[in-house]
Amino acid sequence: MILTYKIKHEKDFSKELDMAIKIAEYAVSNKDKLSTKYIAHLGLKAVIANQILRKYGRNWKAKAIKSVKLTIPNQGIKYTSGIINIPSLKLFIPFNKSFQKINQIEIDKVFVYISITVSEPPIIKIKTHIGVDLNTTGHCALAAIKETGKVYRFGKKAEHIHKKYKIIRKNLQKKGLYGVVKKIKNRESRIVRDLNHKISRSIISLAVKKKGGIQMEKLQGIRDNKKHRKSFKYALNSWSFYQLAKFIEYKALLAGIPVTYIEPAYTSKCCSRCGQIGERNDKYFKCPCGHVEHADVNAAFNIAFLSPGIVQLQKEKSFLQAESDTRQKATQRSYATLEPHWL
Ligand SMILES: [Zn+2]
């Protein structure tokens, strides 16, 4: 599995980044002359210049050249006892993660993006099925174990984090302090990100402890459900739940926990006891069979029980790619972290 870590570098690379833009511009308009000898006079180290030439020489749209990153390939990176060394930039980065290989490192004004390949343990033999419902009333996630009937709730704090920051933002906007608004937004997404890491870690520990496979709703359901966008379910930006799902996914892979997806269509409409279509009154789900339960709990059990049309993680790749732009926007708002910032 490939993970990318994002870390602040605290160094001024503006000179090198300016050179990188010039090289990218050169590459876009001189596709037939992609050799470092033509751009050597700019002064950027060949190991980095070559990467930029190759990247932008390939069908890159000219208008995309706004923020060119310095790209350092594996050959330009040294690693000894917890320290990454990039000789061409005289840059040392403490990095205490185990990996098979550092694929490449990208650098922009503020961050270093370290892409590593890590080994995936074999998938465990599961004994239980855990349905995980994201974005439930009052909690970020709710897990239900099919075999024991137990329910676990995660992330109660998120709702008031969002409310608190919404009020702060509104006040700042009224005063016209837009620069501060951006800072506050960054802080909020950093807090939500940390919380998402914490929640996903707890869910994975539960799965490891119970030897449970995780089942979630297909991610599109979270993002594209326009009907609910204005309801409480969407009080938090849907990208933060997308982020949470992604965190659960990669942490599960690292722990050998299988993750499967189900179609979200019926999870809130069907009775988790008998499968009939029931009614939702406020927070409660009521079935013709007489079963009454908290609507979110009913949904989580449905997620745990349903198994048709399982979408394997691998098959989600195309979807992942389609979403990558949005996710990048979301991750750009966050601060340095030693957790992988996306899959
Ligand atoms: Zn029923």
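Residues numbered from 1 in each chain as written. Predicted model: local features only at pLDDT ≥ 70, side-chain atom pairs only at ≥ 80, totals over all residues. Heavy atoms only, no water.

Asker: So what exactly am I meant to see when it comes to the coordination of the zinc ion here?
Answerer: Note on metal sites: the ideal angle is 109.5 degrees for four tetrahedral donors, and 90 or 180 degrees for six octahedral donors. Surrounding the zinc ion are the protein donor atoms Cys 271 (SG), Cys 274 (SG), Cys 287 (SG) and Cys 289 (SG), which sit 2.2 to 2.4 Å from the metal. Around the zinc ion, the 4 donor atoms are arranged such that angles at the metal cover 100 to 121 degrees; this shape is classified as tetrahedral. The sequence motif formed by the donor residues of the zinc ion is C-x2-C-x12-C-x1-C. We classify Cys 271 as buried; its relative accessible area is 2%. We classify Cys 274 as partly exposed; its relative accessible area is 38%. (Donors = N, O, S within 2.8 Å, 3.2 Å for Na, K, Ca; no water. Tetrahedral: all angles 85-135°; square planar, octahedral: opposite > 155°, others 65-115°. Buried < 20%, exposed > 50% of the residue type's maximum accessible area, 1.4 Å probe, protein only.)

Asker: Got a minute to help me understand the environment of His 139 in this structure?
Answerer: For His 139, the location among the structural elements is in strand E9 (residues 139-145). On the accessibility criterion, His 139 (18% relative accessible area) is buried. Each C-alpha atom, one on His 139 and one on Lys 156, is 4.6 Å from the other, the two residues being 17 residues apart in sequence. When sequence neighbours within four positions are dropped, the list of residues in contact with His 139 reads Arg 153, Phe 154, Gly 155 and Lys 156. (Helix = DSSP H or I, 4+ residues; strand = E, 2+ residues; numbered from the N terminus. Contact = heavy atoms within 4.5 Å.)

Asker: I keep staring at the pattern of salt bridges and nothing clicks. Help me out?
Answerer: A side chain of one charge can pair with a side chain of the opposite charge when the charged atoms of the two come close. In total, this model carries 3 salt bridges according to the counting rule given. In this structure, the salt-bridge partner of Lys 55 is Glu 106, at a minimum N-O distance of 3.7 Å. In this pair, Lys 55 sits in helix H2 (residues 46-57) while Glu 106 sits in strand E6 (residues 101-107), placing the two residues 51 residues apart along the sequence. Ionic pairing is found between Lys 246 and Glu 249, a salt bridge with its closest N-O pair at 2.7 Å. A residue pair is termed a helical-turn pair when its members lie 3 or 4 positions apart in one helix, as Lys 246 and Glu 249 do in helix H6 (residues 238-255) at 3 residues. Per residue, the accessibility class of Lys 246 equals that of Glu 249, and both read buried. (Salt bridge = Lys/Arg side-chain N within 4 Å of Asp/Glu carboxyl O.)

Asker: What's the story with the pairing of strand E1 (residues 2-8) in this structure? I'm lost.
Answerer: In regular strands, side chains alternate between the two faces of the sheet. Burial within E1 is extensive, with 5 of its 7 residues counted as buried. Two strands pair when backbone bridges link them, and E1 and strand E7 (residues 111-117) are joined in this way by 7 bridges, in the antiparallel orientation. Bridge assignment links Lys 6 to a residue of E7, and that residue is Tyr 113. (Pairing = 2+ DSSP bridges.)

Asker: Whenever I open this one, the sheet that holds strand E5 (residues 91-94) confuses me. Can you help?
Answerer: The strands that make up a sheet pair up through hydrogen bonds in the backbone, lying either parallel or antiparallel. Taken together, the 3 strands give an open sheet; going across it, the order is E3-E4-E5, and neighbouring strands pair in antiparallel fashion. The open sheet has two edge strands with one neighbour each: strand E3 (78-80) and E5. Across the sheet, the mean angle from the axis of one strand to that of its neighbour is 20 degrees, orientation sign disregarded. Alignment of strand E4 (residues 83-86) against E5, held across 4 bridges, turns out to be antiparallel. The residue bridging Ile 84 from the neighbouring strand is Ile 93, located in E5. (Axes fitted to C-alpha atoms, helices over the stretch in contact; angles between N-to-C directions.)

Asker: Looking at this structure, I do not really get the packing of helix H3 (residues 158-174) against helix H4 (residues 178-210). What am I missing?
Answerer: Between two packed helices, what matters for the description is the angle formed by their axes and the separation of those axes. Where H3 meets H4, the closest approach of the two axes is 9 Å, and the angle between their N-to-C directions is 175 degrees. Considering their axes alone, H3 and H4 lie roughly antiparallel with respect to each other. On the side of H3, the interface is formed by Ala 158, Ile 161, His 162, Tyr 165, Ile 168, Arg 169, Leu 172 and Gln 173, while H4 contributes Tyr 178, Val 180, Val 181, Ile 184, Lys 185, Arg 187, Glu 188, Ile 191, Val 192 and Leu 195. Among the residues forming the contact of H3 with H4, the class breakdown is 12 nonpolar, 2 polar and 4 charged. (Parallel < 35°, antiparallel > 145°, perpendicular 65-115°, else oblique. Nonpolar A, V, L, I, M, F, W, Y, C, P; charged D, E, K, R; others polar.)

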